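# Structural overview for review
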Amino acid sequence: AEKVYRNAIRENKSFSLMMEYAQLLVNSGKHQDAVKVYESVKESFKKKLDEDSKINALLLNNFAWSLLQGTGPEKKTGLKAAKSAYDLYPNNINILDTYATALIQNNKFKQCINLLGNNALIQKEPQLLFHLAKAYENTKDLNNAVRNYRLIVESNTTDNKIKLGVSKAKLKKHIEKLTVK
């Protein structure tokens, strides 16, 4: 499928085709390759992105997410891209999730608490509650960490795992450890 996209893009460098290709790369775990495609989209379609802030925000979000999958200094660039996406489209759950992830990965725990602490959007989003709980835990505010972890465990999601791949059972054990401290 990648080869088909590369050949199609060589013939017709369209915005939608390049975005689909980048998403295919992300889904295949080829985040560094996706970063290159997103950078090319940003350069090639600057006018379109400047005219449509939602599309620009979604592109920046995906670019940030791909950068955050790395292990080096690209995490700082990922944080900047995630912040830019959030500034353009603050009520999008996926963008909020990426921005919170970027803050945590860059050890900006208090900023994450400020972002999520009073945000009504997070109440039905276990992954955002998880980010908030993790930020509280890293700032040694264990009462608020436990409270948010418990909200996840008690949530009515049919899935026993939150999107971060942590089971509710494992989360319960973690809560027990925190309450013993």
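Note that the coordinates shown come from a computational prediction; the quantities given were computed from them, not determined experimentally. (Residues numbered from 1 in each chain as written. Predicted model: local features only at pLDDT ≥ 70, side-chain atom pairs only at ≥ 80, totals over all residues. Heavy atoms only, no water.)

### Points about the overall build of the chain
- For the chain, the helix and strand inventory stands at eleven helices and zero strands.
- Helices (α) and strands (β) of the chain occur, in sequence order from the N terminus, as α-α-α-α-α-α-α-α-α-α-α.
- When the backbone C-alpha atoms are referred to their principal axes, the chain occupies close to 60 × 30 × 30 Å.
- Within the span of the chain, comprising 181 residues, buried residues form 45% of the whole.
- For the chain, contacts bridging at least 24 residues in sequence account for 48% of all contacts bridging at least 6.
- Accessible area of the chain: about 10400 Å², with a carbon and sulfur share of 48%.
- Of the charged side chains in the chain, 30 are positive and 18 negative, and the gap between their average positions amounts to 6 Å. (Helix = DSSP H or I, 4+ residues; strand = E, 2+ residues; numbered from the N terminus. Buried < 20%, exposed > 50% of the residue type's maximum accessible area, 1.4 Å probe, protein only. Contact = heavy atoms within 4.5 Å. Areas by Shrake-Rupley, 256 points an atom, 1.4 Å probe, with all protein chains shown as cover. Lys, Arg positive; Asp, Glu negative; His and termini not counted. Charge placed at Lys NZ, Arg CZ, Asp CG, Glu CD.)

### Some details on the environment of Asn-107
- Along the chain, Asn-107 falls in the loop between α7 (93-105) and α8 (109-116).
- When the C-alpha positions of Asn-107 and Gln-32 are compared, they lie 22 Å apart, and in sequence the two are 75 residues distant.

### So, the packing of aromatic side chains
- Enumeration according to the criterion identifies four aromatic pairs in this entry.
- Geometry around Phe-15 places Lys-48 over its ring, the cationic atom sitting 5.0 Å from the centre. (Phe/Tyr/Trp six-rings, centres within 6.5 Å; stacked < 30°, edge-to-face > 60°. Lys NZ or Arg CZ within 6 Å of the ring centre and 35° of its normal.)

### Description of the confidence of the model for the chain
- With 95% of its residues at a pLDDT of 70 or more, the chain has an overall mean of 91.
- Model confidence for the chain, summarised as mean pLDDT per element, is weakest for helix α1 (residues 2-11) at 86 and strongest for α8 at 97. (pLDDT = per-residue confidence, 0-100.)

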